[in-house]
Amino acid sequence: MAPIPEPFKWDESFAVFYQQIDDEHKGLFDGIFAVAASPGDAAVLDTLRGNVVAHFTYEEGQYEKIAGYDVAAHKAKHAEFLTAAGGINTPVSTDQVIFMKQWLVDHITNTDFTYKGKL
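What you are looking at is a predicted structure, and each value in this text was computed from that prediction instead of being measured.

*Asks:* Explain the packing of aromatic side chains residue by residue, including any values.
*Replies:* For the structure shown, the criterion picks out ten aromatic pairs. With a centroid separation of 6.0 Å and an interplanar angle of 55°, the aromatic rings of phenylalanine 56 and tryptophan 103 are classed as tilted. Taken as a pair, phenylalanine 56 in helix α2 (residues 42–63) and tryptophan 103 in helix α4 (residues 94–110) lie far apart in primary sequence, 47 residues in all. Put simply, the rings of Tyr18, Tyr63, Tyr69 and Tyr115 pair up and form one aromatic cluster. Geometry around phenylalanine 113 places lysine 116 over its ring, the cationic atom sitting 4.0 Å from the centre.

Next comes the structure, spelled out in structure tokens:
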């Protein structure tokens, strides 16, 4: 597992070097940080959910263009997260925040990095 940065903020170690995707990743970090700061705020959680879905949709459209890329496996990881995170409601527990943080840093460093330099 990748270390969770504290404070929980995107930095260059998470860069995939595609501006829109890096910007969206920054937004996911910020969204999880906001949920951690306001665990009882349903609007903050809903905003994060919307940003996650939008990011997955955009990213999937990008890596589908890579010849030979394991699109199905990457999409399955997105689907697994959506299923697991779909059950999160307010108030969001500390364990749920840690789950989201860990999933994001692991997913970027272990899965998203597989398309670095290929888009």
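*Asks:* How would you explain the pattern of salt bridges if you had to name every residue and give the values?
*Replies:* Under the defined criterion, the tally for this structure stands at five salt bridges. Between aspartate 30 and lysine 9 there is a salt bridge; the shortest N-O distance is 3.9 Å. With aspartate 30 in helix α1 (residues 19–37) and lysine 9 in the segment before α1, the pair connects residues that are 21 residues apart, well separated along the chain. Taking the relative accessible area as the measure of exposure, aspartate 30 reaches 39% and is therefore partly exposed. Ionic pairing is found between lysine 75 and glutamate 64, a salt bridge with its closest N-O pair at 2.5 Å.

*Asks:* Give a detailed account of the layout of surface pockets, specifying residues and quantitative values.
*Replies:* Remark: the empty space left among the atoms is shown by a probe the size of a water molecule rolled over them. In this structure, the largest pocket encloses a volume near 190 Å³. Lining the largest pocket are 16 residues, with Leu48, Arg49, Val52, Phe81 and Ala85 sitting closest to its centre. Those elements that place two or more of their residues in the lining of the largest pocket are α1, α2, α3 (71–86) and α4. With six residues, the top contributor of residues to the lining of the largest pocket is α2.

*Asks:* Can you break down the nonpolar core residue by residue, with the values?
*Replies:* Judged by nonpolar contacts, the single largest core of 23 residues is most densely connected at Phe29 and Met100. Contributions of two or more residues to this core are made by α1, α2, α3 and α4. Here the element with the most residues in this core is α4; it accounts for six residues. By size, the runner-up hydrophobic cluster in this structure holds eight residues, among which are Tyr18, Ile21, Tyr63 and Tyr115.

*Asks:* Residues and numbers for unusual backbone geometry, please.
*Replies:* Cis geometry marks the peptide bond from glutamate 6 to proline 7, where omega comes out at 0°. Position of proline 7 relative to the elements: it lies in the segment before α1. Omega for the bond connecting threonine 90 with proline 91 falls within 30 degrees of zero, at -5°, which places this linkage in the cis form. For proline 91, the position within the fold is in the loop between α3 and α4. Even without being glycine, phenylalanine 17 reaches a positive phi, approximately 70°. Note that phenylalanine 17 resides in the segment before α1.

Reading the values: the criteria
Residues numbered from 1 in each chain as written. Predicted model: local features only at pLDDT ≥ 70, side-chain atom pairs only at ≥ 80, totals over all residues. Heavy atoms only, no water. Phe/Tyr/Trp six-rings, centres within 6.5 Å; stacked < 30°, edge-to-face > 60°. Helix = DSSP H or I, 4+ residues; strand = E, 2+ residues; numbered from the N terminus. Lys NZ or Arg CZ within 6 Å of the ring centre and 35° of its normal. Salt bridge = Lys/Arg side-chain N within 4 Å of Asp/Glu carboxyl O. Buried < 20%, exposed > 50% of the residue type's maximum accessible area, 1.4 Å probe, protein only. 1 Å grid on protein atoms, 1.4 Å probe; cavity = no way out; pocket = protein on both sides within 12 Å on 5 of 7 lines; lining within 4 Å. Points joined across faces, edges and corners; volume = space filled by probe spheres on them. Core = buried A, V, L, I, M, F, W, Y, C linked by side-chain atoms within 4.5 Å.

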